[in-house]
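The residues making up each chain are set out below.
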Amino acid sequence: MDLASLILVAAISGGTSLLFAVLGGILNEKAGVINLGTEGIMLIGAVMSAIVFVQTNNLFITFVVMLAATGALGLLHAFLCITLRANQIVSGLAVTLFGTGLSAYIGKTVAGAAIPVTIPKVKLSFLESIPILNAFANLDLFIWISIILSIVLYFYMYKTSWGLHLKAVGDNPSTSDAMGISVIGFRYFHVVIGSMLMGCAGFYLIMAYSPNWIEGMTSGRGWIAIALIIFARWNPIYALVGAYFFGGLDSLGFRMQNLDINIPSYFLKMIPYIATIVVLMFIGWKNRNRPSIEPKSLGNPYFREQRY
Amino acid sequence: MSQKSSFDPLSIEIAKNSNKSRIFPYKLEFDAHKKTGSWWVPFLSILVALVLCAIFIVLNGMNPFTVYMKMLQGAFGSTFGISETIVKAIPLLLCGLGVAVAYKIAIWNIGAEGQFILGAIGATAVTIFLPNLPGALYIPIMIAAGIAAGAAWGLFTAVPRTHFQVNELITSLMLNYVAILLLDYLVYGPWRDPAGFNFPGTPAFTPFQLLASIGGTRLHFGLVFALLAVIILAFFLAKTRWGYELRILGANPIAAQNAGIKINKHILLVMMISGGLAGLAGAIEVSGVAGRLMYGISPGYGYTAIIVAWLAKLNPWAMIITSLFIGGLIVGGYSVQTIGLPSSFSSMLQGAILFCLISGEMLSRYRLKRVN
């Protein structure tokens, strides 16, 4: 493989966990709920995958248990934000704090040991002779699932009536309610499904990217994913591009340590974080005179009896 | 059709009458006018969180009462425990004050961790770059440098928010990671003590660069700074025009803007104060407790401070109590390690407290009303 496809492969494998998390975040925010628990949910997803896989050695059971655990955490966030109408930002921070603590607490048994897992690969031998596209010839199954998922979600959100209802719920819940859409039901559903996708991000991180549980192993990826939602303008297809861009930056830090470059590795590791801020500043500056495209009731709980 | 009939006075009359035959003649009513929960909510939520975490302790095969008694003894059972608790409470109090000021106007600064680290770096820079100052000048200059470094780090969060519409949550958190990497670079690289046997830390401070300790314990005069910060901040929030404008901005930003309050000016100022207080905490930590800048100088004070601030409902005076409580929780968390619980147990407990607190705040706004 040539250099360009090597970089592409690195970007894709580094970006896939981000992609799952961004897609989950988009579903949450489209329904009008900010989910800052991404980091904590990813950690719970990762640690549950590690524990269950070490116990059962079965990828499918691991995946299902991980979905249940992260879905439960999402349900907790949904209950606080939708039913109790608590502050979504504080609730999300609580999810992250709790998830970080809980994952460290229950992860003691599997800490440090490599997880003996092999993710099935999808071989597309006809791509191997094509210059750039040969990057896609030997990717693992979950990368393809994430790519297909972002396309499916794009069609779901923009081309189906459910997806348009979702947009309505996030933009104007009282009108949606008057139309007969169940605002509470839509929000619950999408927060829980979105949290499960964030769990998939943790699952991918520990099963494919670095199969070894370390406390706080997401190291801010959850927060980068939240930033990527804005970068992707709440669009799953842009999320694909954004996640691979940041995944590339992430693995750039790793790769450049091996090359003989006279920059301390600490500064290379700063690249994704600083790039996030710079990119967001650029987007903000570019759109300074345009109305915001974020869901209009983002962060506001819906209360049928409240007058506006 | 059925929807329309509910406006019919007759059907309302029928509905009222039908309520009389309810088995349980009460209903939950949400009081939308009550903006905050009752005073007892923090206490009850701590209790509920302790019960919830007891479940995890039981699953771990231990007796929750033994664990909690052990924590209580470790934190408040001896002079050493109490002084350790206060030592932990000082940075929590200062960082908590910092984030609370920002939260008052809905600026979600979660970057106290980074601002704390920058404060520690700023204070240490004085000892490294100005080795020949007269002794008495060290502490004031180090404190000032810490505040300045923290405030500057706060501005890195504020300026993208005011001039580029970047969400401060993301910026402040990203800057935490940058600050930690910067700290690692300094203590593993150029600032490492050449005589330190590869220990990732700077050379130990000279006696003039250390804050005096109180009564032969690890307790130090940073306590005075922290209490002064509470008094000054409480005064400014309650008695000045600035505090009044913050209250308006917090209650209704649109009304505040229409009244001519410049929101961007306030965001910049508040983030400088917020960062400055966290930076002060960092400077106090290196010169009062650690005695040098070293790897992992903050065990997550900046994040824990968020809980300190919310438990106190952003009230500076109440934060004295909540910081002592959380400080005790951390010290107690160390002492349960001796009986086999990981130290992350206390951070799990903190997360659970925050959950119970915010749900309790909302639940206490419901009233049980008799239907008649």
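Per chain, residue numbering runs from 1 following the sequence as it is written. Both sets of labels track the order of writing: A upward for chains, 1 upward for ligands. Predicted model: local features are reported for residues with pLDDT of at least 70 only, side-chain atom pairs are reported and counted for 80 or more only, and whole-chain, interface and lining totals are derived from all residues.

### Some details on the overall build of chain B
Heads up, the rule is: Strands are runs of DSSP state E lasting at least two residues, helices are runs of H or I lasting at least four, and both sets are numbered from the N terminus onward. Burial in this document is a count-based property: other C-beta atoms within 10 Å of a residue's C-beta are tallied, and the residue is buried at 20 or more, exposed at 12 or fewer, or partly exposed in between, with C-beta positions derived from the backbone. What counts as a contact is two residues whose backbone-derived C-beta atoms lie within 7 Å of each other.
What chain B contains, in helices and strands, is 15 helices and two strands. Overall, the C-alpha framework of chain B stretches about 90 × 60 × 35 Å when taken along its three principal axes. Going through the 372 residues of chain B one by one, you find that 48% of them count as buried. Look at the contacts in chain B between residues 6 or more apart in sequence, and 78% of them connect residues 24 or more apart.

### Here we look at the overall build of chain A
Selection criterion: Only the C-alpha atoms count toward the radius of gyration. The rule for a globule is 2.2 Å times the residue count to the power 0.38.
Along chain A, the regular secondary structure elements total 11 helices and two strands. Each helix (α) and strand (β) of chain A, taken in turn from the N terminus, gives the series α-α-α-α-β-β-α-α-α-α-α-α-α. For chain A, whose C-alpha radius of gyration is 20 Å, the value lies close to the compact-globule estimate of 19 Å for 308 residues. When the backbone C-alpha atoms are referred to their principal axes, chain A occupies close to 65 × 45 × 40 Å. Classification of the 308 residues of chain A by burial places 47% in the buried group.

### Things to note about the interface of chain A and chain B
The line we're drawing: Polarity classes work like this: nonpolar for Ala, Val, Leu, Ile, Met, Phe, Trp, Tyr, Cys and Pro, charged for Asp, Glu, Lys and Arg, and polar for all others, with Gly in that last group.
Opposite the 37 residues of chain A that make contact, chain B presents 36 residues. Among the residues making up the side of chain A that touches chain B, the classes are represented as 26 nonpolar, eight polar and three charged.

### A word on the pairing of strand β2 (residues 366-370) of chain B
Consecutive residues of a regular strand have side chains that alternate between opposite faces of the sheet. Residues and elements named next belong to chain B. Here is the rule: Note on pairing: two strands pair once DSSP finds at least 2 bridges between them.
The element β2 is largely exposed, with a buried count of zero among its five residues. Where strand β1 (residues 26-30) and β2 come together, five bridges link them in antiparallel fashion. Within the sheet, the bridge partner assigned to Y26 lies in β2 and is R370.

### Focus: the packing of helix α14 (residues 316-336) of chain B against helix α15 (residues 344-363) of chain B
Residue and element names in this part refer to chain B. Convention followed: For helices, the fitted line uses only the C-alpha atoms of the stretch in contact; every axis is such a line through C-alpha atoms, and the angle between N-to-C directions lies from 0 to 180 degrees. Here a crossing is called left-handed whenever its near helix is offset anticlockwise from the far helix by less than a right angle, and right-handed whenever the offset is clockwise.
Two elements in contact, α14 and α15, have axes whose closest approach is 8 Å; the angle formed by their N-to-C orientations is 145°. Both α14 and α15 take part in a crossing whose hand is right-handed. Contacts between α14 and α15 involve I326, L329, I330, G332, G333 and V336 from the first element and F345, S346, L349 and Q350 from the second. Grouping the constituent residues of the contact of α14 with α15 by class yields six nonpolar, four polar and no charged.

### Examining the nonpolar core
Keep this limit in mind: Nonpolar core, as used here: buried Ala, Val, Leu, Ile, Met, Phe, Trp, Tyr and Cys residues forming one set through C-beta atoms within 7 Å.
V22, A46 and L228 of chain A together with L94, C95 and A309 of chain B are the most contacted members of the largest nonpolar core, which has 200 residues in total. Of the residues forming this core, the biggest block, 15 residues, is contributed by helix α8 (residues 183-209) of chain A. Contact partners of A309 of chain B, with chain neighbours within four places excluded, come to G96, V99, A100, Y103, L314 and M319 of chain B.

### Quick look at helix α12 (residues 263-290) of chain B
All names here are of chain B. Definition in use: To estimate how far a helix should reach, multiply one less than its number of residues by 1.5 Å. Bend at a given residue is defined as the angle between two axes, one fitted to the seven residues that end at that position and one fitted to the seven that begin there.
With 28 residues, α12 should cover 40 Å at 1.5 Å per step; its first-to-last C-alpha distance of 39 Å lies within 8% of that length. Of all the bends found along α12, the most pronounced is centred on I284 and spans about 25°. In terms of burial, α12 is a largely internal element, 21 of the 28 residues being buried. Count one or two residues on from α12 and you reach G291, which has phi positive near 75°.

### A look at helix α9 (residues 221-231) of chain A
All names here are of chain A. Taking burial as the measure, the 11 residues of α9 include 11 buried ones, the bulk of the element. Every buried residue belonging to α9 is among R221, G222, W223, I224, A225, I226, A227, L228, I229, I230 and F231, and all of these are buried. Backbone geometry just after α9 places R233 at a positive phi near 50°.

### Some details on the packing of helix α2 (residues 38-56) of chain A against α9 of chain A
Residue and element names in this part refer to chain A. Cut-off, in case you're wondering: Here the word oblique covers every angle except those under 35 degrees (roughly parallel), over 145 (roughly antiparallel) and from 65 to 115 (roughly perpendicular).
Their axes nearest at 7 Å, the elements α2 and α9 cross at an angle of 130°. If you check the angle between α2 and α9, you find them oblique. Handedness of the α2/α9 crossing: right-handed. Of the residues in α9, those touching α2 at T38, E39 and M42 are R221, G222, W223, A225 and I226. Tallied by class, the residues present in the contact of α2 with α9 amount to four nonpolar, two polar and two charged.

### Focus: the environment of A135 of chain A
All names here are of chain A. In this structure, A135 sits in the loop between β1 (121-123) and β2 (138-140). As for A135 and G299, which are separated by 164 residues in sequence, their C-alpha atoms are 40 Å apart. Excluding residues within four positions of it along the chain, A135 makes contact with S5, L8 and V9.

### What to know about the environment of R241 of chain B
Inspection of the secondary structure puts R241 of chain B in helix α10 (residues 241-251). For R241 of chain B, a count of 8 C-beta atoms within 10 Å puts it in the exposed group.

### Re the confidence of the model for chain B
Residues and elements named next belong to chain B. To keep it simple, the criterion reads: As a per-residue quantity, pLDDT reports the predictor's confidence and falls between 0 and 100.
Here chain B averages 86 in pLDDT, and 92% of its residues register 70 or above. Looking across chain B, the model is least confident in helix α1 (residues 2-5), with a mean pLDDT of 43, and most confident in helix α6 (residues 112-129), with 95. Predicted confidence is poor over residues 1-6, with pLDDT under 50, and the contacts of this stretch with residues over four places away or in other chains come to two contacts. For this predicted complex, the interface confidence reaches an ipTM of 0.83, while the overall pTM sits at 0.86.

### A closer look at unusual backbone geometry
Residue and element names in this part refer to chain A. With a phi close to 55°, R85 is a non-glycine residue in the positive phi region. With respect to the helices and strands, R85 occurs in the loop between α3 (59-83) and α4 (88-106). The phi dihedral of W234 is positive, around 60°, even though this residue is not glycine. By the C-beta count within 10 Å, which is 21 here, W234 ends up buried.

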